[in-house]
Amino acid sequence: MAKARRMSNELGGVVNTTKKLTSKLVMAAAVVGAFVMVSACASGKTIKQGSEEFSIPEDKYFEALELQDDGMYFESIRAWTEVLDDEPRFAQGHFNLGLIYDQLNLVPEATQHYELAVQYAEGLKPDESLYNLHLGAAYLRAGLVDEAIDALKQALTDDPYNATIHYNLSAAYMARKNFDNALLEADAAVDLLAQPDAKRADGLNEAVDRTRLGNYILRQAACHLAREEYEKARPSFERAEKQCGTPVPAAMWEQLENATKPAEPEEGAGDSTEEG
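The rules behind these values
Residues numbered from 1 in each chain as written. Predicted model: local features only at pLDDT ≥ 70, side-chain atom pairs only at ≥ 80, totals over all residues. Heavy atoms only, no water. Helix = DSSP H or I, 4+ residues; strand = E, 2+ residues; numbered from the N terminus. Buried < 20%, exposed > 50% of the residue type's maximum accessible area, 1.4 Å probe, protein only. Areas by Shrake-Rupley, 256 points an atom, 1.4 Å probe, with all protein chains shown as cover. Expected span 1.5 Å × (residues − 1). Contact = heavy atoms within 4.5 Å. Salt bridge = Lys/Arg side-chain N within 4 Å of Asp/Glu carboxyl O. Phe/Tyr/Trp six-rings, centres within 6.5 Å; stacked < 30°, edge-to-face > 60°. pLDDT = per-residue confidence, 0-100.

## Quick look at the overall build of the chain
In step 1: Each helix and strand counted, the chain has 11 helices and 5 strands in total.
In step 2: Residues classed as buried in the chain amount to 46% of the 276 residues present.
In step 3: With an accessible surface of roughly 14100 Å², the chain has 49% of that area assigned to carbon and sulfur atoms.

Right, here's the structure in full:
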């Protein structure tokens with residue numbers, strides 16, 4: 001069976017969250033859509049989306065999947081567009097187009113299709129949460145911070161234990177300089193991702209993605225720096241480096257050292273005398 005590439009969308013850039021946010025679109029092979037059912041005959045597919053059923057020509061459907069899976073993005077855009085010409089309310093088709101445009105860094109086009117995916121998947125779980133996650137990330141990359149917060153909060157209502165949603169919400173709150181909420185979301189992301197294992201040298205379960213956790217901890221540290229909690233930022237730096245092998249950017253170390261460096265006495269201070 002053809003496989004589609006479904007991307008997890010995380011926003012990085014722990015220092016300047018408005019201009020240095022980058023999208024890490026990590027693809028993982030997964031069968032497209034929990035609501036896809038192969039019909040008894042080989043000529044077509046029946047797509048159940050909520051209470052509706054769509055009839056998608058099998059050749060167009062698998063062509064779109066295979067082209068996308070092979071990284072032939074412009075060809076897959078054509079193929080998915082043909083699928084949507086037949087069934088314009090097919091949310092999964094819009095979502096896949098959004099992923100492709102995202103991969104091509106065509107954010108306005110990606111945003112448009114994520115919006116349509118959310119619109120047509122209303123009430124469908126867990127698809128709606130996934131679509132809102134990607135929509136929120138796209139909004140944030142476009143500088144639409146308030147819209148990003150709304151979409152990510154909606155995603156969180158349906159999937160409250162998703163570390164990626166919390167991480168992206170932290171980025172959005174940082175962009176709004178709401179450092180209190182940014183820290184709460186960063187803490188949640190770290191806690192959800194880190195799985196302790198006292199038997200291992202680094203104290204983490206073998207399955208934990210250390211690189212990803214390191215980035216989450218750096219977001220935590222950035223929040224502490226913004227809140228001038230320097231005594232908490234340093235342990236976060238050390239944890240990222242020692243537990244996860246994630247190097248702390250030199251600019252962050254410099255910011256911490258400058259903030260905690262003892263003030264030097266002013267030149268000539270203590271040399272002046274006062275005569276009565």
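## With respect to the environment of Asp127
In step 1: With respect to the helices and strands, the residue Asp127 is situated in helix H5 (residues 127–141).
In step 2: Between the alpha carbons of Asp127 and Ala117 there is a distance of 9.0 Å; along the sequence they are 10 residues apart.

## A few points about helix H10 (residues 230–244)
In step 1: In a regular helix each residue adds 1.5 Å, so 15 residues correspond to 21 Å; H10 covers 21 Å between its end C-alpha atoms and thus fits that length.
In step 2: Every buried residue of H10 is accounted for by Ala233, Ser236, Phe237, Ala240, Gln243 and Cys244.
In step 3: Where H10 is buried, its residues contact helix H9 (210–226) and helix H11 (250–260).
In step 4: One or two positions beyond H10, positive phi appears at Gly245, with a value near 70 degrees.

## Some details on helix H6 (residues 145–158)
Side chains of residues three or four places apart in an α-helix project in the same direction, reflecting 3.6 residues per turn.
In step 1: With 14 residues, H6 should reach 20 Å at 1.5 Å per residue; the first-to-last C-alpha distance of 20 Å fits that figure.
In step 2: Three or more residues of H6 are buried, namely Val145, Ala148, Ile149, Ala151, Leu152, Ala155 and Leu156.
In step 3: Looking at the buried side of H6, the elements it contacts are H5, helix H7 (163–175) and helix H8 (179–193).

## Observations regarding unusual backbone geometry
In step 1: Here the bond from Lys125 into Pro126 is cis, since omega is 0 degrees, no more than 30 degrees from zero.
In step 2: Among the secondary structure elements, Pro126 is positioned in the loop between helix H4 (107–120) and H5.
In step 3: Positioned with a positive phi, Asn105 is a non-glycine residue whose angle comes to about 60 degrees.
In step 4: Its place among the elements puts Asn105 in the loop between helix H3 (91–103) and H4.
In step 5: By relative accessible area, which is 57% here, Asn105 ends up exposed.
In step 6: For Lys177, which is not a glycine, the phi torsion comes out positive at approximately 60 degrees.
In step 7: With respect to the helices, strands and loops of the structure, Lys177 is situated in the loop between H7 and H8.

## Some words on the pattern of salt bridges
In step 1: Across all of its chains, the model carries 12 salt bridges by this definition.
In step 2: For Lys125, the salt bridge is made with Glu128, and the minimal N-O distance between the two is 3.3 Å.
In step 3: One salt bridge connects Arg227 with Glu229, and the closest N-O pair in it is separated by 2.6 Å.
In step 4: The class for Arg227 is partly exposed, based on a relative accessible area of 29%.
In step 5: With relative accessibility at 12%, the residue Glu229 sits in the buried group.
In step 6: Here the salt bridges share partners, and the residues they tie into one network are Glu63, Arg78 and Glu82.

## Points about the packing of aromatic side chains
In step 1: One pass over the structure, following the stated rule, counts 7 aromatic pairs.
In step 2: Between Phe95 and Tyr114 the ring centres are 6.0 Å apart and the planes differ by 45 degrees, which places this aromatic pair in the tilted class. Here the residue Phe95 occupies a position in helix H3, and Tyr114 occupies one in helix H4, the gap between them amounting to 19 residues.
In step 3: Ring geometry for Phe237 and Trp253: centres 4.8 Å apart, planes at 70 degrees, overall edge-to-face. Taken together, the residues span a long stretch of sequence, with Phe237 in helix H10 and Trp253 in helix H11 at a distance of 16 residues.
In step 4: Overall, Phe237 belongs to the buried group, its relative accessible area being 0%.

## With respect to the confidence of the model for the chain
In step 1: Per-residue pLDDT for the chain averages 83, and the proportion of residues at 70 or more is 79%.
In step 2: Confidence over residues 1–8 falls short of pLDDT 50; this stretch has 40 contacts with residues more than four positions distant or in other chains.
In step 3: Predicted confidence is poor over residues 12–42, with pLDDT under 50, and the contacts of this stretch with residues over four places away or in other chains come to 82 contacts.

## Some words on the environment of Ala121
In step 1: Checked against the element boundaries, Ala121 lands in the loop between H4 and H5.
In step 2: Sequence separation of Ala121 and Ala91 is 30 residues, and the distance between their C-alpha atoms is 5.7 Å.
In step 3: Those residues in contact with Ala121 that sit more than four places away from it in its chain are Ala91, Glu128 and Tyr131.

## Digging into the environment of Ala189
In step 1: The topology assignment puts Ala189 in helix H8.
In step 2: Relative accessible area serves as the criterion here: at 0%, Ala189 is assigned to the buried category.
In step 3: Residues Ala189 and Ile165, 24 residues apart in the sequence, show an inter-C-alpha distance of 7.9 Å.
In step 4: Ignoring sequence-local partners within four residues, the contact set of Ala189 consists of Ala163, His166, Tyr167 and Tyr216.

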